[in-house]
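Next come the chains, spelled out residue by residue.
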Amino acid sequence: MQAIESFEVPTPPKVNYINAQYGLKSWLLTKDHKRIALLYLGSVTFFFFIGGLYAMMIRLELLTPQGDLLQSTTYNKVFTQHGIIMVFFFLIPSIPATLGNFLIPMMIGAKDLAFPRINLLSWYIYLAGGLITIYALLAGGVDTGWTFYTPFSTTFSNSYVVATGLGIFINGFSSILTGLNFIVTIHTMRAPGMTWFRMPLFIWSHYATSLIMILGTPVIAITVLLLAFERVARVGIFDPALGGDPVLFQHLFWFYSHPAVYIMVLPGMGVISELVANFSRKNIFGYSFVAFSSLAIAVFGFLVWGHHLFVTPQSVYAGMIFSFLSFAVAIPSAIKVFNWTATLYKSSISYDTPMLYALGFIGLFTIGGMTGLFLASLATDVHLSDTYFVIAHFHYIMVGGTLMAYLGGLHYWWPKISGRMYPEGWGRFSALVIFVGFNLTFLPQFVAGYLGMPRRYHAYPPEFQVFNVLSTAGASILGFGMLIPAIYFVWSMRYGKHAEANPWHLPGLEWRTQSPPPTENFEVTPIVTWDAYEFAPREETEVVGKFGPELERI
Amino acid sequence: MIEAHATTEDVHAHPALQHHFENMEQQREAGTLGMWVFLVTEIMFFGGMFLAYTLYRSLYPWAFASASNHLDITLGAVNTGVLILSSFTMAMAVYFTQIGKLRPQVWCLVLTLVLGLTFLGIKGVEYYDKYEDRLIPGYLIPSRPFGPAVQQEGQPFDEHKLHLLHGATVRQVEMFYWIYFAMTGMHALHMIIGAGLISFLIYFSLRGRYDPEYHSPVEVVGLYWHFVDIVWIFLFPLLYLLGRHLEHG
């Protein structure tokens, strides 16, 4: 207990990572993982709003059955760019590059990531990739769908495919470097006593995410490179007219892009594990199961890409195996959901904003996961393939899952990141608005898709209008809900109440230093003698009061 | 791996120790692991091209054999030897750094660099031959698209003409050459980067930057260099040694 007592820190802190240095240069050349996390936070938010604008245009166009707002060619570009921006420039870096970057060293008791310079480099690479992509969008856009299927993308599309591809190629290296940094940091930088099974589950899920990043991203890099050469030099590798095989492109593309779904959702699951355990003030149920299910998802995730090719000439036997393996991914995912639920059982839950997002995540992720099984089944997929059912399914995972977790995590760690509290009332209100708006947007799409409404068209038969009107109404509510946190986070940076070192009264290492933390994170290297989520026994809590013993431990 | 590096205060910290590491051992371990992880990404990167190779070789086996026969096996074999030798000199450079012998360390690095550049030079000669025979695929060279001369039945043997086996077509041969250029070109790019890294090492080791306590940069570049060699060890048989038994030459 000696070591723990040494963590008492004076509040409010005089010197922290934000005011340690001033000036633009001190930010643009920083090697501090916390500052780099903030750089990422700003830039992913920027891309999120661009992607959101495209989403708005899609929903407005689909309000009426006729193609009246946008021409079909413009609409092709709008949904393509919505997908590219959201997937590559928001969802993939969102949680790992901001929350992961900020928290991984703090949670394992390190002063920084293993390679601070590479960390900064990854942000510049991300920025370069993003700017090239924005250039492509401004120059004329791209209309291939975010999937770039050949031979349309290589031979027929008359848009900026190569420039966009280059942006994605470059951006991929930022993801590779982030993953590399995380893996090395988790292996070599843990504080004394921080054993693998004392690590918070957030770390485990980021470890699994990093594995996918380093194993998958190089494949999309080479794929996009081959695509660009094919388009420029007509070498024929994906062109059936020249003896090439367009399905090879789909295999290569989905070999990355399916695991990429787990890059997006696994960090979210890590956030939810933290939120569920900490806001029910109870050790997570089945720690090692949750930890290993992350790794299982990472491994299985690489073996299921063929379920995107059920309607191609892929062998039917391969299809059966891919279908079976896709069902198998449901097992580790369900382990997580059941363990979160079991953690909630008979615990003392507090319904703060982060927990509202976490509870939302569990429900929405379950719906998203279960509808995935429809698409993993060979027969039903033939009916549902390329319909709005698919759209609704993956938005439930990506928005209902990743985005909810991202917002929940952002609220939860905001006092640590900014040193200020966000307004709790507004937080809860916006969480509810977002939840309602989200469901209103995407639930009707399941029905429309099941009834046969195809994706990627700007006009549709009038009988689908009711679903689209509901969906657009929901999207408006969702958009409004998103604006509220955007406003009060900025507001709170200046006017929010000062945060204590440990506003939630939790045992995690990141809460045992001042808010905001000093540049070196901890004044002395901590020595860890406790497990993650080790709350005091119930009896003590009852005697001393709700937060008593934990406070004493800190 | 590292479980307890509890000593916060190393009495005499090495000047190369970065602020966020506890000690040199931790820093070295992080650097080495980082390079290993990076090499894993490289394997996946080349893996995409190996997949394409596997697919098209199984689709067009005779075209691949014909095209492979047309490659210069002598230059390829010499280059293989050059690279293996450079891996040896690189390993020796790491060894001499670890035992703190500055002079042989620099010499080994210089030798490695020279061998690496030799490889690139020979590769350049091979590429030029392919250019001469119009074997650069597609419109990679816009003014000189793919269009090799084909050896006809009964004509005298001409080493600049493509000898097609068992009904292979020129278009299928083009696929082989695209994969050949993609893979060897990407490999050559890695060699160039490696040569740059070794030049840095030579510059700093001449200034005595590396010693037995701080040798991880040499070690890490060494790992990279060996990796690039191993890629070639796979490329050489896959590209050069197909169907040699089917033809005298």
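Here the structure is a predicted model, which means the values were calculated and not measured.

## Topic: the overall build of chain A
Assigned secondary structure in chain A consists of 18 helices and 0 strands. In terms of C-alpha radius of gyration, chain A reaches 23 Å, essentially the compact-globule figure of 24 Å for 554 residues. Counting only C-alpha atoms and orienting by the principal axes, one finds that chain A spans roughly 75 × 45 × 45 Å. Across the 554 residues of chain A, 57% fall into the buried class. Considering only contacts within chain A whose residues lie at least 6 apart along the sequence, 84% involve residues at least 24 apart.

## So, the overall build of chain B
In terms of regular secondary structure, chain B is built from 6 helices and 0 strands. Moving toward the C terminus, one meets the helices and strands of chain B in the order α-α-α-α-α-α. Taken over the C-alpha trace, chain B has a radius of gyration of 23 Å; the compact-globule value for 249 residues is 18 Å, which it surpasses by more than 25%. Counting only C-alpha atoms and orienting by the principal axes, one finds that chain B spans roughly 80 × 35 × 35 Å.

## Notes on the interface of chain B and chain A
Where interface size is given, it is often the accessible area lost as the parts come together that is meant. Opposite the 34 residues of chain B that make contact, chain A presents 33 residues. Elements with a contribution of two residues or more to the side of chain B that touches chain A: helix H1 (24-59) and helix H5 (170-206) of chain B. In terms of residues, the side of chain B that touches chain A owes the most to one element, H1(B), which gives 17 residues. Residue classes in the side of chain B that touches chain A are distributed as 20 nonpolar, 11 polar and 3 charged.

## Re the confidence of the model for chain A
Residue and element names in this part refer to chain A. Here chain A averages 92 in pLDDT, while 94% of its residues score no lower than 70. Throughout residues 1-10 the model reports pLDDT below 50, and contacts reaching past four residues in sequence, or to other chains, amount to 11 contacts. Overall, residues 538-554 carries pLDDT values under 50, and its contacts beyond four positions in sequence, including any with other chains, amount to 20 contacts.

## Some thoughts on the nonpolar core
Counting residues in each nonpolar core, the largest one holds 226 residues, and the members touching the most others are A:Ile108, A:Ile203, A:Ile272, A:Ala358, B:Phe176 and B:Ile179. When near neighbours in sequence (up to four residues on either side) are disregarded, B:Phe176 contacts B:Ala63, B:Phe64 and B:Ala67.

## Quick word on the packing of helix H12 (residues 353-376) of chain A against helix H15 (residues 424-450) of chain A
Residues and elements named next belong to chain A. Running from N to C, H12 and H15 cross one another at 10°; their axes reach a closest spacing of 9 Å. Relative to H15, H12 is oriented roughly parallel. Along its contact with H12, which presents Thr353, Leu356, Tyr357, Gly360 and Thr371, the element H15 presents Glu424, Gly427, Arg428, Ala431, Phe435 and Phe446. Per-class residue counts for the contact of H12 with H15 are 5 nonpolar, 4 polar and 2 charged.

## Description of unusual backbone geometry
Residue and element names in this part refer to chain A. Here threonine 150 and proline 151 are connected by a cis peptide whose omega angle stands at -5°. Within the fold, proline 151 resides in the loop between helix H5 (116-139) and helix H6 (152-156). One non-glycine residue, histidine 505, adopts positive backbone phi at about 60°. Within the secondary structure, histidine 505 sits in the loop between helix H16 (465-495) and helix H17 (538-544). Note on histidine 505: 18 C-beta atoms within 10 Å, which makes it partly exposed. With phi around 60°, tyrosine 533 is a residue other than glycine that occupies positive phi space. Position of tyrosine 533 relative to the elements: it lies in the loop between H16 and H17. On the basis of neighbour count, tyrosine 533 is assigned to the buried category, with 22 C-beta atoms found within 10 Å.

## Here we look at helix H8 (residues 201-233) of chain A
All names here are of chain A. In this model H8 runs 47 Å from its N-terminal to its C-terminal C-alpha over 33 residues, within 8% of the 48 Å that 1.5 Å per residue would give. At glycine 216, H8 shows its maximal kink, close to 30°; a proline, proline 218, follows between one and four residues later. In terms of residue burial, H8 counts as a mostly covered element, since 29 of its 33 residues are buried. Two residues or fewer past H8, arginine 234 is found with a positive phi of approximately 50°.

## Quick notes on the packing of helix H14 (residues 388-418) of chain A against H15(A)
All names here are of chain A. Where H14 contacts H15, the two axes come as close as 8 Å, and the packing angle between them is 170°. Here H15 runs roughly antiparallel to H14, going by the angle between their axes. Between H14 and H15, the residues in contact are Tyr388, Phe389, Val390, Ile391, Ala392, His395, Tyr396, Val399, Gly400 and His411 and Gly427, Phe438, Phe442, Gln445, Phe446, Ala448, Gly449 and Tyr450, respectively.

## Comments concerning the confidence of the model for chain B
Residue and element names in this part refer to chain B. Averaged over every residue, the pLDDT of chain B is 91; residues scoring 70 or more account for 94%. Segment residues 1-10 is flagged for pLDDT under 50; beyond a separation of four residues in sequence, or across chains, it makes 18 contacts in the model. This complex was scored by the predictor with a pTM of 0.93 and an ipTM of 0.91.

## Digging into the environment of B:Phe38
Residues and elements named next belong to chain B. Inspection of the secondary structure assignment puts phenylalanine 38 in helix H1. Overall, the presence of 19 C-beta atoms within 10 Å leaves phenylalanine 38 in the partly exposed class. Counting along the chain gives 34 residues from phenylalanine 38 to aspartate 72, while the straight-line C-alpha distance between them is 32 Å.

Analysis parameters
- Residues numbered from 1 in each chain as written.
- Chains lettered and ligands numbered in written order.
- Predicted model: local features only at pLDDT ≥ 70, side-chain atom pairs only at ≥ 80, totals over all residues.
- Helix = DSSP H or I, 4+ residues; strand = E, 2+ residues; numbered from the N terminus.
- Rg over C-alpha atoms; globule rule 2.2 N^0.38 Å.
- Buried ≥ 20, exposed ≤ 12 C-beta atoms within 10 Å, placed from the backbone.
- Contact = placed C-beta atoms within 7 Å.
- Nonpolar A, V, L, I, M, F, W, Y, C, P; charged D, E, K, R; others polar.
- pLDDT = per-residue confidence, 0-100.
- Core = buried A, V, L, I, M, F, W, Y, C linked by C-beta atoms within 7 Å.
- Axes fitted to C-alpha atoms, helices over the stretch in contact; angles between N-to-C directions.
- Parallel < 35°, antiparallel > 145°, perpendicular 65-115°, else oblique.
- Expected span 1.5 Å × (residues − 1).
- Bend = angle between axes of the 7 residues up to and from the residue.

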